[in-house]
Amino acid sequence: MGFFDFLADAGSKVFGKDEAEPEVTMPVIKHIENSGVDISNLKTAFANGVVTLSGYVPNQEQKEKAVITAGNIAGVSRVQDNLILGQKPADVAEAEKAEAEAAKAEADKPGEAAWESKTYTVKSGDTLGKIAKQFYGNAMEYPKIFEANKPMLSDPDKIYPGQVLRIPE
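Reading the values: the criteria
- Residues numbered from 1 in each chain as written.
- Predicted model: local features only at pLDDT ≥ 70, side-chain atom pairs only at ≥ 80, totals over all residues.
- Heavy atoms only, no water.
- Helix = DSSP H or I, 4+ residues; strand = E, 2+ residues; numbered from the N terminus.
- Buried < 20%, exposed > 50% of the residue type's maximum accessible area, 1.4 Å probe, protein only.
- Salt bridge = Lys/Arg side-chain N within 4 Å of Asp/Glu carboxyl O.

Trainee: Tell me what's going on with the environment of Thr 44, and back it up with residues and numbers.
Mentor: Mapped onto the secondary structure, Thr 44 falls in strand 2 (residues 42–47). Residue classification places Thr 44 among the buried positions, given a relative accessible area of 12%.

Trainee: With reference to specific residues and values, describe unusual backbone geometry.
Mentor: Excluding glycine, a negative phi dihedral is what most residues carry, and trans is how most peptide bonds are arranged. At the junction of Lys 150 and Pro 151, the peptide bond is cis and its omega measures out at -5 degrees in the coordinates. Within the secondary structure, Pro 151 is located in the loop between helix 5 (142–148) and strand 6 (164–167).

Trainee: I'd like to hear about the pattern of salt bridges, residue by residue, with values.
Mentor: Per the stated rule, a full pass over the model turns up 6 salt bridges. A salt bridge links Glu 33 to Lys 30; the shortest N-O distance between them is 3.0 Å. One end of the pair, Glu 33, and the other, Lys 30, are both in helix 1 (residues 25–34), 3 residues apart, so they sit about a helical turn from each other. Lys 130 is the salt-bridge partner of Asp 126, the closest N and O atoms lying 3.9 Å from each other. In this structure Asp 126 comes out as buried when scored by relative accessible area, which is 13%. Residue Lys 130 is classed as partly exposed on the basis of its relative accessible area, which comes to 48%.

As structure tokens, then:
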């Protein structure tokens, strides 16, 4: 949980071009769903370049994918991660209380400390092989990075500066 900063002018174009504050709740959630994340208990909100994610995700990998997918949308400069790992309690009041406590405890804290993966922001001239060499000592380990970022990445040769990638251990 916590916040994650991203480059607002890099990423997938899912918002309206000319709208000052477009309605983006459905596009963001749909974009996250398209990345393979279970959105059945996930909520999103967007205001002033910040996407807030709340609710429940089944595991750490799904949580990391949700945050990175939301952050890799053009116009998003920050993602506030208030996601809770596990299943939503059957008791609605208990679930709402847990979500409120999580949001309050994690507001404005850096979020990557609790992640199993590292993140990397792509720079001009980077390739997955070059990034794999940096993190694993072997450029041929690039498929690990590619697989960890599917379906956000559809081709290992199609990454762009400013894109944030998950780097699994």
